[in-house]
Amino acid sequence: MPQGRPPILELQGITKAFGGVEALRGVDFALSAGEIHGLVGENGAGKSTLMKIIAGVHPEFSGRFLLDRQERRFRSARDAHAAGIAMVHQELSVAPDLTVAENVFLGSQPTNRFGLVQWRRMAREAGEQLARFGIDVDPLSRLGDLPIGLQQLIEIARVLFSGARIIILDEPTSALSPPEVERLFSTLRRLRDEGSAIVFISHFIEDILRVSDTVTVFRNGRKVAEAQAADTNKAALIEAMIGKGREALEETYAHDIALPPPSKQPVVLTADQLSLSRSLRDVSFKVRSGEVLGIYGFMGCGQLELARILFGKLKPDGGALAVAGGQKSFPTSACSPAAINRRSRWRNGSVFRHASWCCASRRAAWTSARRTTSSTSSAIYARRVSPSSCCRPSRKRCCRSPTASSC
C-alpha cells in the first residue's frame, strides 16, 4: 500500500467455503488509490476467490467488506460495477459473434433520447479507446475472427476504459505476446498515475515484480506475506508460496528430461501441411501406434484449432489428413455453427437430445419429424422463447445490426 494513503477498499477476516471446503480463511486485504497490488500463489490458494468476492460474483461470505470506510455487501457483479469495481476474469468472457465495438461497450451501449443504440457513435468511440491502448483494429469487424490474444486485449480494454476506479485483472497476460504485455503494463502504469486502484493476479512472478507496487502472497486460502515490490524478490515470493526453500523446488526441474527413443510402430495418423486462416500454416506431423504426441504453445497459437480439425469439428483451408494410411476428407461437422445455422429450429432442438438414441442402433437411425417438432415446441414453450416458427432456419441476419446472430 502506498505510504500515507488510506485504503479505499478493506477486507477484514474474510472466510469463504464451498460445501465443506474453505477456500479462504480469515483473510485481510487492503487496496489504495494509485496502487497496483500484485497477488501471487499456487492454484487453489484463494486469489481468484477473494477477487470474485470484491467483484460481487460470490455474495455469500463471512467477514467485513469496507469500501470508502463504509461496510458494503454486493449481491451481484452489477452492484459491484455500479460502485466502480470491474474485473477481467481468467476465462475469456467475450461475445465472439458481436463486433469489436459491441464488445467494448457490452452492457453500456450509447443510446439517444429515444433509447435507440447509436451504432456510429459506438464504433467511433470504440476505435478511439482501442487506439489509446495501441490496438489498431476495425471496430466493425467480428470479434471471433480475431486471434485469441487480441480478443483478450479487447476485453481488458473494455474494463480499463469503463471508468471503474478499482480494476481487477486475473491472469491478463496468459495469452499475450511480449509486445502486448509491454503495452498492457504501460496502460496500467498510466491508469495508476491517474488514481485508479488495480489488482494484478499472475503466475508470472517476473511480471508481478515489474508492474506492482505491493505484492501479497496467498497459500492454502490464507494470506501469508505482503511486501513492497521493491523490497522483495522472486526467491522470497516462491518460498512464501510453497512453504519451503527455492532450492527444493529447483530440484524438481534442474535435470534434463530425456524423451524416449522414436517409436518404430506403424504410423496411424499423418497430417500434411494443414492450414486454417490465421490459426495454422503448413502443420505436418506423424503419430505412431503406442505413441503419445505432445502439442504445446501459448493460448491462441493454433493448438485448439488443430485439435478441432483432427476431431472433424473444423475444415482446414488446405492440407491432408490420413488415418491408418487412408486419406480422409473434411466434411462440415453436423454440430458445427455453420451446419446448425442452416438447419431448422426443430432439427437443432433435437441435435443433442436424439443424437445418442439415433446412433444406438442402425434400425433406430430415423427420427420422426412430428415427434421431434412436438418435443422442440414443448421446450420452446417451457422456456418462454418465441421464434416465428420452429421449422425455419435458426440464423437470420438482423436488419439493425449487421453482426447480430438473430433478430
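Here the structure is a predicted model, which is why all the values come from computation and not from measurement.

About the cut-offs
- Residues numbered from 1 in each chain as written.
- Predicted model: local features only at pLDDT ≥ 70, side-chain atom pairs only at ≥ 80, totals over all residues.
- Heavy atoms only, no water.
- Phe/Tyr/Trp six-rings, centres within 6.5 Å; stacked < 30°, edge-to-face > 60°.
- Helix = DSSP H or I, 4+ residues; strand = E, 2+ residues; numbered from the N terminus.
- Buried < 20%, exposed > 50% of the residue type's maximum accessible area, 1.4 Å probe, protein only.
- Pairing = 2+ DSSP bridges.

Caption draft 1: Representation of the packing of aromatic side chains. Per the stated rule, a full pass over the model turns up 4 aromatic pairs. On the basis of an interplanar angle of 75° and a centroid distance of 5.3 Å, the ring pair of Phe 65 and Phe 74 is categorised as edge-to-face. Ring geometry for Phe 185 and Phe 200: centres 5.8 Å apart, planes at 70°, overall edge-to-face. Of this pair, Phe 185 sits in helix 6 (residues 178-193) while Phe 200 sits in strand 8 (residues 197-201), placing them 15 residues apart in sequence. Neither residue differs from the other here; Phe 185 and Phe 200 are each classed as buried. Taken together, the ring pairs connect Phe 61, Phe 65 and Phe 74 into an aromatic cluster.

Caption draft 2: Representation of unusual backbone geometry in the model. A positive phi angle, close to 50°, is found at Glu 171, a residue other than glycine. Considering the arrangement of structural elements, one finds Glu 171 in the loop between strand 7 (166-170) and helix 6. In this structure, Asn 220 is a non-glycine residue whose phi angle is positive, near 55°. Of note, Asn 220 is situated in the loop between strand 9 (214-219) and strand 10 (222-228).

Caption draft 3: Region of the structure containing the pairing of strand 6 (residues 85-88). Of the two faces of strand 6, both are covered, the one formed by Ile 85 and Met 87 as well as the one formed by Ala 86 and Val 88. The pairing of strand 6 with strand 7 spans 4 bridges and is parallel. Along strand 7, the bridge assignment pairs Ile 85 with Ile 166.

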